[in-house]
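For reference, the chains in residue letters:
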Amino acid sequence: MSPRITIGVLVLGAVLAVPAVLAKEAAVGMELDLEEDALQIEFSEPMRVLDNIELRDLVSSDTARRYVCVWQDDVELSCDIDGDPLPSATPVTITLAEGLQTAEGKRLPARMFKTETDRPRLSASIERWDGVRPRIVLESASMLDPGQAAQVLRLRSGNREWSNPTLRALPLTKYDWPKSRFALDLPDDIAAGADVELRIVPGLRTSEGPLPGDQDARLLRFLDREPFQLRSVSCEGPLRPVRREVRKGLLGSLSVHRETIALVISSGLGDVGRSGLVAAVPKTLVVREGSVECG
């Protein structure tokens, strides 16, 4: 019976050895942050690292780019992407080769991650006021067609909505951002003094990649053709900033001795309006660009 006993012990030893190997390859949490020219991987526990050593074969992807990685600390791996920047709105498969170890000696198996570059987004701002109407400029880090961008924009005021507003392409700056700039022409039938909201809905498309934008948000809120008025006045104050709102044409007391006063007005002054402001304020106040200074 000795052979049978020996076989039984060997089989039992083999069964017990499998969980021990799996324990050494226990999964470690990882969080990826992919940009067009860089990748950061953050690990859920400290790793065994070699300072200032470039890792050129650890990370690869299906986008035919080389990833040159270095450890920032024992939980963050930072990789520069050689070659052209990754296009936006593009799915990317990242492969992390086996060979890494945690500080406790657990070996990490090869891992594959499905991720994507940033989907197209739009931001909006009021660049200036043309008379009583705002000049609205939209910008994006993605290459956009004005017609496609207009399809996801909505102007709302009360129970009315305007879709597909007219966008005009604007010249780009000499910097890499933004890649797209547009001026938005407001409809003529918005009521004077109306409270208007500019929104974006999902579906924005870019020529760089196939993934549509998922942005669903308010981009801007403004009063169109608002009658000119002073909204508030503020100054630094002796101890902390002081701000006073204008209520029904009245303004509370404000200590301004030898301090700059900031005026918030409903629309741009223009040359005529600025001249009128200079004539209206006390002679002890000196009007500068964008503020009023106590002299």
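Parameters at a glance
- Residues numbered from 1 in each chain as written.
- Predicted model: local features only at pLDDT ≥ 70, side-chain atom pairs only at ≥ 80, totals over all residues.
- Heavy atoms only, no water.
- Helix = DSSP H or I, 4+ residues; strand = E, 2+ residues; numbered from the N terminus.
- Buried < 20%, exposed > 50% of the residue type's maximum accessible area, 1.4 Å probe, protein only.
- Contact = heavy atoms within 4.5 Å.
- Disulfide = S-S within 2.5 Å.
- Pairing = 2+ DSSP bridges.
- Axes fitted to C-alpha atoms, helices over the stretch in contact; angles between N-to-C directions.
- Phe/Tyr/Trp six-rings, centres within 6.5 Å; stacked < 30°, edge-to-face > 60°.
- Salt bridge = Lys/Arg side-chain N within 4 Å of Asp/Glu carboxyl O.
- pLDDT = per-residue confidence, 0-100.
- Core = buried A, V, L, I, M, F, W, Y, C linked by side-chain atoms within 4.5 Å.
- Polar contact = N/O pair within 3.5 Å; in protein donor to acceptor, adjacent residues only side chain to side chain.

**Q** Lay out the overall build of the chain with the relevant residues and their values.
**A** For the chain, the count of helices and strands is 3 helices and 21 strands. Each of the 295 residues in the chain was classed as buried or not, and the buried ones make up 36%. In the chain, 58% of the contacts between residues at least 6 apart in sequence involve partners at least 24 apart.

**Q** Let's hear about the state of the cysteines: which residues, and what values?
**A** Here a disulfide denotes a covalent bond joining the sulfur atom of one cysteine to the sulfur atom of another. Throughout the structure, instances matching the rule amount to 1 disulfide. Bridging Cys-69 to Cys-79, the disulfide has an S-S length of 2.1 Å. Torsion about the S-S bond of the Cys-69 and Cys-79 cystine: about 105°, corresponding to right-handed handedness. Of this pair, Cys-69 sits in strand E4 (residues 67-71) while Cys-79 sits in strand E5 (residues 76-81), and the two are 10 residues apart along the sequence. Judged on exposure class, the residue Cys-69 and its partner Cys-79 are both buried.

**Q** Provide a residue-level description of the sheet that holds E5, including the pertinent values.
**A** Ordered by their spatial adjacency, 4 strands build an open sheet running E1-E2-E5-E4, and the pairing between neighbours is antiparallel. The sheet is open, and its two edges are formed by strand E1 (30-34) and E4, each paired on a single side. Averaged over neighbouring strand pairs, the angle between their axes works out to 20° when direction is ignored. Two elements, E4 and E5, share 5 bridges in a ladder whose sense is antiparallel. Paired with Val-68 across the two strands is Asp-80, which belongs to E5.

**Q** So what about the packing of aromatic side chains? Which residues, and what values?
**A** Scanning the model with the defined rule gives 1 aromatic pair in all. Taken together, a centroid distance of 5.5 Å and an interplanar angle of 40° make the contact between Phe-43 and Trp-71 tilted. Taken together, the residues Phe-43 in strand E2 (residues 38-43) and Trp-71 in strand E4 connect sequence positions 28 residues apart. In this structure, Phe-43 and Trp-71 share a single accessibility class: buried.

**Q** Outline the pattern of salt bridges, listing residues and values.
**A** Enumeration according to the criterion identifies 22 salt bridges in this entry. Glu-197 is paired through a salt bridge with Arg-218; the nearest N and O atoms lie 3.5 Å apart. Residue Glu-197 is found in strand E14 (residues 194-200), and its partner Arg-218 is found in strand E15 (residues 217-224); the two are separated by 21 residues along the sequence. Judged by relative accessible area, which is 47%, Arg-218 ranks as partly exposed. Three or more residues joined by partner-sharing salt bridges are found here, namely Glu-127, Arg-128, Asp-130, Arg-135, Glu-139 and Arg-181.

**Q** Explain the confidence of the model for the chain to me, using residue names and the numbers behind them.
**A** Per-chain confidence: the chain averages 83 in pLDDT, with 79% of residues scoring 70 or above. Here residues 1-23 is a poorly scored stretch, pLDDT under 50, and it has 1 contact once near neighbours within four places are set aside; other chains count.

**Q** Outline the nonpolar core, listing residues and values.
**A** If you look at the biggest cluster of nonpolar residues, it comprises 24 residues, and the most contacted ones within it are Leu-122, Leu-138, Leu-153, Leu-167, Leu-184, Leu-198 and Leu-219. Contributing elements (two or more residues each) for this core: strand E9 (133-140), helix H2 (146-150), strand E10 (153-157), strand E13 (180-185), E14 and E15. Leaving out residues up to four positions away in the same chain, Leu-198 has contacts with Ala-124, Ile-136, Leu-138, Leu-153, Arg-154, Leu-155, Leu-184, Ala-217, Arg-218, Leu-219 and Leu-220. Core analysis: the second largest hydrophobic core is formed by 22 residues, Cys-69, Cys-79, Ile-94 and Leu-100 among them.

**Q** Please provide a residue-by-residue account of the sheet that holds E13, values included.
**A** Here 4 strands make up an open sheet; going across it, the order is E8-E9-E13-E12 and the pairing antiparallel. Where the open sheet ends on each side, the last strands, each with one partner, are strand E8 (123-130) and strand E12 (166-169). With strand direction ignored, the average angle separating the axes of adjacent strands in the sheet is 35°. Examined bridge by bridge, E8 and E9 share 7 bridges and lie antiparallel to one another. Bridge pairing links Ile-126 to Ile-136 in E9.

**Q** Please set out the side chain of Arg-135 residue by residue, giving values where relevant.
**A** Here Arg-135 shows up in strand E9. The exposure class of Arg-135 is buried, given its relative accessible area of 17%. In this structure the side chain of Arg-135 is engaged in a polar contact, spanning 2.6 Å, whose partner is the side chain of Glu-127. For Arg-135, the residues in contact, after removing those within four places along its chain, are Ser-125, Ile-126, Glu-127, Arg-128, Asp-130, Arg-168, Leu-170 and Ala-183.

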